[in-house]
Amino acid sequence: MAFRDENGKITIDEQAAQQDIKNLKEIIALASEFSGNTGTVITETALQLQKQIQGTIDNIDTTSQNIDMTVKKYQAIDSALKDTINSSIKM
């Protein structure tokens, strides 16, 4: 299920993702008890899912940081433009 922040933007629920990673670690531990290739396949798949979840978290964090930097940059530009307009009106 998608998590939406106060602005309606879809984000990831990091606590839920960390719980998923914990569950995958438990699955990996249990899979070692299987005989034959079943345990190996379960372990490999769980490890792949774990990497994908962590990669998604990392990508969202990076994207959020880039968005924040962009917003701050344009807020500074807007503020400077406002100051320029206000100072030219006073003249």
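Quick notes on the rules
- Per-chain numbering applies: the sequence of each chain, read as written, is numbered from 1 onward.
- Whole-chain, interface and lining totals are the exception, using all residues; otherwise, since this is a predicted model, local features are given only for residues with pLDDT of at least 70 and side-chain atom pairs are given and counted only at 80 or more.
- Where side-chain values are given, they derive from all heavy atoms of the structure, hydrogens and water being excluded.
- To obtain each axis, a line is fitted to C-alpha atoms, and for helices this fit is confined to the stretch in contact; angles are then taken between N-to-C directions over 0 to 180 degrees.
- Put simply, DSSP marks the helices as runs of H or I at least four residues long and the strands as runs of E at least two long, and each gets a number from the N terminus on.
- We call two directions roughly parallel when the angle between them is under 35 degrees, roughly antiparallel when it is over 145, roughly perpendicular when it lies between 65 and 115, and oblique otherwise.
- For any helix crossing, the convention is left-handed if the near helix is rotated counterclockwise from the far helix by under a right angle, and right-handed if that rotation is clockwise.
- Note on definitions: a residue-residue contact is assigned when non-hydrogen atoms from the two residues lie within 4.5 Å.
- Amino acids are sorted into nonpolar (Ala, Val, Leu, Ile, Met, Phe, Trp, Tyr, Cys and Pro), charged (Asp, Glu, Lys and Arg) and polar (every other residue, Gly among them).
- In this analysis, a patch consists of residues with relative accessible area above 30% that form no salt bridge, clustered at 9 Å for like charges and at 5 Å for the nonpolar side chains Val, Leu, Ile, Met, Phe, Trp and Tyr.
- Each accessible area is a Shrake-Rupley estimate made with a 1.4 Å probe; only the visible protein chains count as cover when residues are assessed.
- When a carboxyl oxygen of Asp or Glu is within 4 Å of a side-chain nitrogen of Lys or Arg, the pair counts as a salt bridge.
- Neither His nor the chain termini are counted; the positive set is Lys and Arg, and the negative set is Asp and Glu.
- In this description, the location of a charge corresponds to atom NZ of lysine, CZ of arginine, CG of aspartate or CD of glutamate.
- Relative accessible area decides the class of each residue, using a 1.4 Å probe on protein chains only: under 20% of the type maximum gives buried, over 50% gives exposed, and in between gives partly exposed.

## Digging into the packing of helix H1 (residues 14–31) against helix H2 (residues 37–90)
- Interaxial distance between H1 and H2 falls to 9 Å at its minimum, and their mutual angle equals 165°. For the element pair H1 / H2, the angle class is roughly antiparallel. Classified by chirality, the crossing of H2 by H1 is left-handed. Touching Glu14, Ala17, Gln18, Asp20, Ile21, Leu24, Lys25, Ile27, Ile28 and Ala31 of H1 are Gly39, Ile42, Thr43, Ala46, Leu47, Leu49, Gln50, Ile53, Gln54 and Ile57, all from H2.
- Considering only residue class, the contact of H1 with H2 consists of 12 nonpolar, five polar and three charged.

## A look at a negative patch on the surface
- A cluster of like negative charges, contributed by Asp13, Glu14, Asp58 and Asp61, occupies part of the molecular surface.
- Position of Asp13 among the secondary structure elements: in the loop between strand S2 (10–11) and H1.
- What makes Asp13 partly exposed here is its relative accessible area of 34%.

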